[in-house]
Amino acid sequence: MTGTFVGMPAFPDAAREAVRDEVLRANLRHATHTIRDKRARAVAELEDWDRLRAAGKAVKDHTLAHLDRYLLQLEAAVTAAGGTVHWAADADEANRIVTELVRATGEREVVKVKSMATQEIGLNEALEAAGIAAYETDLAELIVQLGHDRPSHILVPAIHRNRGEIRDVFAAEMGGWGRPAPEGLGDDPRELAEAARLHLREKFLRAKVAVSGANFMVAETGTLVVFESEGNGRMCLTLPETLISVVGIEKVIPTFRDLEIFLQTLPRSSTAERMNPYTTMWTGTVDGDGPSVFHLVLLDNGRTDTLADEVGRQALRCIRCSACLNVCPVYERAGGHAYGSVYPGPIGAILSPQLRGTGSEIDATLPYASTLCGACYEVCPVAIDIPEVLVHLRERVVQGGPVTREGIRVRIRPADGHTAERAAMRAARLLLDRPGALRAGERLLARARRLRPRRLPGPGRAWTDSRELPELPEGSFRDWWAEREKAEREKAAREQAAREQAAREKGARP
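Take the overall build of the protein next. Each helix and strand counted, the protein has 22 helices and 12 strands in total. For the protein, the spread of C-alpha atoms along the three principal axes comes to 115 × 50 × 45 Å. Across the 510 residues that make up the protein, the buried fraction comes to 49%. The contacts in the protein between residues at least 6 apart in sequence include a share of 73% that link residues at least 24 apart. Total accessible area on the protein is roughly 25,100 Å²; 52% of this is exposed by carbon and sulfur atoms. Taking the 70 positively charged and 72 negatively charged side chains of the protein as two groups, their mean positions are separated by 8 Å.

Structure follows, in structure tokens:
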């Protein structure tokens, strides 16, 4: 991946600042509660939801296990349908490929379909550096772009903005990007949508090049699929002469029939709809219908290295529904910007450190951005066990490696914030490897239990701000067990002696 958001501190620091913003917290609380309540009702309508969830997991796991085969099959199918496939090992290569493709058309602007992959690689910034303007057409992405902001949610990038803030952004910024906002613009959603529609219409009608991502790629047919709610994406996918799609290699699925599963689970998990208002599919190029030139850029950017991790690879099953964000108590309070990545929330806490490595301060702290409550796993439509991966990544951070950074296996020193924890773990390992020392330590603690402090000193003090240290028992488990075994043996010996005595007395009778 490209770097973290510029200037982002470690997650605890960023989150501490975010929770002080009462407006942000109110916006997030209202939006996430509304979406997750609607999702719960939509999912409850399907009696076979658990089977659909298991089927989605199985399809993604099978594909990841045979990813090389399905990617080659996809390339062959796209090429046979008139498209051109490019392979990008990292963000720099992907940006270079897209920039060169746009330059070859002679155009200096592109319209964009909402795409996490292009945000991940910083494509807009790369195009701008090359003198090419990239216009976001998704309403929420447009709000973020006009506001010189960063996305804070996978599905609703402007979730941290309320209607009044959006009106102010439109009024102040639209004129600098094209058609200005109407005079006297209010904060009614219909007025805001109409202002965005008028602003974007001129861009759709003159654009010759479009850039998109894809929710799925079908290896069997070479078909790409985009799910959306507004129809702006379809305008980008049908009107321009050239279409360039940048898609992560994990988005491939084997057959067209496999889409049946995700056509049911993705809409309900993301927008709480029974089906998407707009589901656009295209296979290569067709004369007289849609773009005449199609390029597919297959993006690795750390995914192959993530695939090598038997525990962490399940993050690649993600279909970007954002259900985990909407139920996460940490995300609800901290917001998406605190995660320092285009992938916020629980999925971002396990995906970003694997794609980018844990070399930066924020990536080393993301696996700790969770209460491990498990709500994210319960709602995931492809059953990603996010808590399991979080614990796995915490172990990696504490041990200091191995990690993946820019596609290279390296060993790095963990962030300074985890030095004490790493030292504690090493001390525990040394003690547990020496039963005699452990037994002596346990007896010493039991005898000194009256001296137990109410709060831990130093770095541990924060932990005891809201927790009490457990009471120390009068004796260790080992000593209790030894005494129990001794008592059992003595009891058995007494019973045996009693039986023998009774037998002797019985034998002595005439």
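There's more to say after this.
One pass over the structure, following the stated rule, counts 24 salt bridges. With its nearest N and O atoms 3.8 Å apart, the salt bridge here joins Arg478 to Glu442. Placement of Arg478 in helix α22 (residues 477-508) and of Glu442 in helix α21 (residues 435-447) is noted, with a sequence separation of 36 residues between them. For Arg478, a relative accessible area of 32% corresponds to the partly exposed category. On the basis of relative accessibility, which here comes to 23%, the residue Glu442 falls in the partly exposed class.

On to helix α8 (residues 139-146). Of all 8 residues that make up α8, 7 are buried, and the element is covered over most of its length. What α8 keeps buried is the set Ala140, Glu141, Leu142, Ile143, Val144, Gln145 and Leu146. Two or three places before Ala140, at the opening of α8, Asp138 has a side-chain oxygen 3.1 Å from that residue's backbone nitrogen. Remark: His148 follows α8 within two positions and exhibits a positive phi of approximately 50°.

This brings us to the packing of aromatic side chains. For the coordinates displayed, the defined rule picks out 9 aromatic pairs. Where Tyr135 meets Trp177, the ring centres are 6.3 Å apart and the plane angle is 75°; that geometry is what we call edge-to-face. Within this pair, whereas Tyr135 is found in strand β3 (residues 133-136), its partner Trp177 is found in helix α9 (residues 163-177), the two being separated by 42 residues in sequence. With a centroid separation of 6.2 Å and an interplanar angle of 90°, the aromatic rings of Trp282 and Phe294 are classed as edge-to-face. Of this pair, Trp282 sits in strand β9 (residues 278-283) while Phe294 sits in strand β10 (residues 293-299), and the two are 12 residues apart along the sequence. Following the ring pairs from residue to residue traces out a cluster consisting of Phe11, Tyr331 and Tyr339. Here Arg53 stacks its cationic end above the ring of Tyr377, 5.0 Å away from the centre of that ring. In this arrangement the basic side chain of Lys203 is found over the ring face of Tyr135, its NZ or CZ atom lying 4.6 Å from the centre.

Tracing the backbone shows Ser352 in helix α16 (residues 345-356). At 2.8 Å, the side chain of Ser352 and the side chain of Ser341 are in polar contact.

For the pair α16 and helix α19 (residues 386-399), interaxial distance at closest approach is 10 Å and the crossing angle is 40°. One finds that α16 runs oblique with respect to α19. The two elements α16 and α19 cross, and the hand of that crossing is left-handed. Residues Pro346, Ile347, Ala349, Ile350, Pro353 and Gln354 of α16 touch α19, and the partners they reach there are Ile386, Val389, Leu390, Leu393 and Arg396.

About the cut-offs
Residues numbered from 1 in each chain as written. Predicted model: local features only at pLDDT ≥ 70, side-chain atom pairs only at ≥ 80, totals over all residues. Heavy atoms only, no water. Helix = DSSP H or I, 4+ residues; strand = E, 2+ residues; numbered from the N terminus. Buried < 20%, exposed > 50% of the residue type's maximum accessible area, 1.4 Å probe, protein only. Contact = heavy atoms within 4.5 Å. Areas by Shrake-Rupley, 256 points an atom, 1.4 Å probe, with all protein chains shown as cover. Lys, Arg positive; Asp, Glu negative; His and termini not counted. Charge placed at Lys NZ, Arg CZ, Asp CG, Glu CD. Salt bridge = Lys/Arg side-chain N within 4 Å of Asp/Glu carboxyl O. Polar contact = N/O pair within 3.5 Å; in protein donor to acceptor, adjacent residues only side chain to side chain. Phe/Tyr/Trp six-rings, centres within 6.5 Å; stacked < 30°, edge-to-face > 60°. Lys NZ or Arg CZ within 6 Å of the ring centre and 35° of its normal. Axes fitted to C-alpha atoms, helices over the stretch in contact; angles between N-to-C directions. Parallel < 35°, antiparallel > 145°, perpendicular 65-115°, else oblique. Left-handed = near helix turned anticlockwise from the far one by under 90°.

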